[in-house]
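Residue-level listing of the chains:
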Amino acid sequence: MKPVISLLALAAMLSACAPTAPVAVAPPEPDARFAVTDTKDYGPKEVNTIPSDAPTLKVAYGSASARQYGELRMPEGKGPFPVAVIWHGGCWSGYAGPFGVSGLATFLARNGVATWTPGYRELGSDGGWPNTFADWAQGLAYVKTLAKSYPIDLSRLTLMGHSAGTTPAVWLGTGNYGDAVIAGDLPKPRAAVVIDGPLRTAPFVGVDAAICGQPVIVPLMGGTPADVPSRYAMLDPLVNKPLIKRLLVVDGALPDPEPEVIAGLRAQGIAVEVIRVSQEQHFNMLVPGTQDFAAIGPSLLDIAKAR
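Residues numbered from 1 in each chain as written. Predicted model: local features only at pLDDT ≥ 70, side-chain atom pairs only at ≥ 80, totals over all residues. Heavy atoms only, no water.

What follows covers the sheet that holds strand E6 (residues 191-195). Strand order in the open sheet formed by 8 strands is E1-E2-E4-E3-E5-E6-E7-E8, with mixed pairing between adjacent strands. Taken across any chain shown, the strands that pair with only one partner, and hence form the sheet edges, are strand E1 (57-60) and strand E8 (271-276). Averaged over all pairs of adjacent strands, the angle between strand axes in this sheet comes to 20°, irrespective of strand direction. As paired elements, E1 and strand E2 (residues 69-73) share 4 bridges and run antiparallel to each other. (Pairing = 2+ DSSP bridges. Helix = DSSP H or I, 4+ residues; strand = E, 2+ residues; numbered from the N terminus. Axes fitted to C-alpha atoms, helices over the stretch in contact; angles between N-to-C directions.)

Spelled out as structure tokens, the structure:
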């Protein structure tokens with residue numbers, strides 16, 4: 001009987017060692033939040049009319065101008081929630097307002113990120129140096145006031161800007177606010193998002209007239225780079241280094257981000273991700289449901305949630 005037992009044992013051992021048929025694994029379901037459901041192309045007027053949720057709070061953060069107000073959108077639940085401060089674009093000249101980024105703010109709030117979208121004085125509305133810059137900073141500082149009444153986690157703060165709004169998003173993540181424009185302590189961001197806007201201001205002098213229809217940067221800054229070099233240096237992230245850990249750059253219709261700037265930021269230890277979307281569209285990336293938004297949505301939500 002021993003040989004029979006040995007053969008049976010051997011057969012059992014070989015059976016156990018035989019390769020098993022692979023188990024089919026179903027691919028993950030596509031994330032409906034980033035589905036492409038909108039094939040329209042959006043301009044500066046159309047982007048202001050996309051559906052958005054009403055703000056949780058609309059409040060003035062200053063008293064010097066009617067433009068010193070912002071809209072807060074809070075997610076459902078107890079929190080505390082990460083928060084994104086989002087500045088609108090408009091060529092620094094009043095071509096837009098917080099409503100232009102309300103679709104983006106709504107998307108983030110529906111997905112667990114509190115959003116604060118402050119307006120600010122621009123050229124033609126008592127803007128330019130120093131008022132526009134003071135408004136950018138004062139609007140950011142007001143997040144501390146909001147956090148006293150709403151479950152906002154200031155340690156998970158992301159600064160975002162579209163087009164001209166990228167200027168404060170990059171600048172206010174640094175430690176140099178220049179010419180004593182800014183008083184008081186600002187909340188410290190851990191990340192920034194640049195949505196189709198300049199990382200540096202000086203190289204856009206001259207280019208701005210073609211994009212905006214008129215020169216805007218020199219009036220905004222109160223002089224040329226030769227006239228007020230310290231102000232332009234303050235807005236140069238290779239000179240005035242951002243104190244952030246992550247940066248998402250969305251490259252759309254505006255001139256491509258300068259490779260030397262991207263390389264320089266990475267050399268500073270910042271994790272920089274660049275996503276290239278349609279080179280003919282400047283507003284589609286603000287509209288959930290478009291192809292451009294689908295391309296940036298996962299990274300946008302990831303960085304905003306401070307993962």
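We are not done yet, so read on.
We now examine the pattern of salt bridges. With the rule as written, the count across this model stands at 14 salt bridges. Note that Arg 200 is salt-bridged to Asp 236, the shortest N-O span being 3.5 Å. Of this pair, Arg 200 sits in the loop between E6 and helix H5 (207-212) while Asp 236 sits in the loop between helix H7 (229-234) and strand E7 (246-251); the two residues are 36 residues apart in sequence, bridging distant segments of the chain. The pair formed by Arg 200 and Asp 236 is uniform in burial state, with each residue classed as buried. (Salt bridge = Lys/Arg side-chain N within 4 Å of Asp/Glu carboxyl O. Buried < 20%, exposed > 50% of the residue type's maximum accessible area, 1.4 Å probe, protein only.)

Turning next to the pairing of strand E4 (residues 114-118). Within E4, 5 of the 5 residues are buried, which leaves the element mostly enclosed by the surrounding structure. Residues Ala 114, Trp 116 and Pro 118 line one face of E4 and the alternating positions Thr 115 and Thr 117 line the opposite face, and both faces are buried. As judged from the 4 bridges shared by E2 and E4, these two strands associate in the antiparallel manner. What sits directly across from Arg 73, in E4, is Thr 115. Direction of pairing for strand E3 (residues 81-87) relative to E4: parallel, over a ladder of 3 bridges.

What follows covers the packing of aromatic side chains. Each aromatic ring pair is characterised by the separation of its centres together with the angle its planes make. For the structure on display, the rule yields 8 aromatic pairs. Between Phe 133 and Trp 136, the aromatic rings sit 5.0 Å apart at their centres with planes inclined by 70°, giving edge-to-face as the arrangement. Separated by 3 residues within a single helix, Phe 133 and Trp 136 lie in helix H3 (residues 131-146), roughly one turn from each other. When its relative accessible area of 0% is taken as the criterion, Trp 136 is described as buried. Seen in terms of ring centroids, Phe 133 and Trp 171 are 5.4 Å apart; in terms of plane orientation they differ by 75°. Their pairing is edge-to-face. Remark: Trp 171 occurs in helix H4 (residues 166-171) and Phe 133 occurs in helix H3; sequence separation between them is 38 residues. Using a relative accessible area of 0% as the deciding quantity, one classes Phe 133 as buried. Aromatic rings pair up to connect Tyr 120, Trp 129, Phe 133, Trp 136 and Trp 171 into one cluster. (Phe/Tyr/Trp six-rings, centres within 6.5 Å; stacked < 30°, edge-to-face > 60°.)

The next point concerns helix H2 (residues 102-110). Most of H2 sits inside the fold, with 8 of its 9 residues counted as buried. Among the residues of H2, Ser 102, Gly 103, Leu 104, Ala 105, Thr 106, Phe 107, Leu 108 and Ala 109 are the ones counted as buried. Along its buried surface, H2 packs onto E2, E3, E4, strand E5 (152-162), E6 and helix H9 (291-304). (Contact = heavy atoms within 4.5 Å.)

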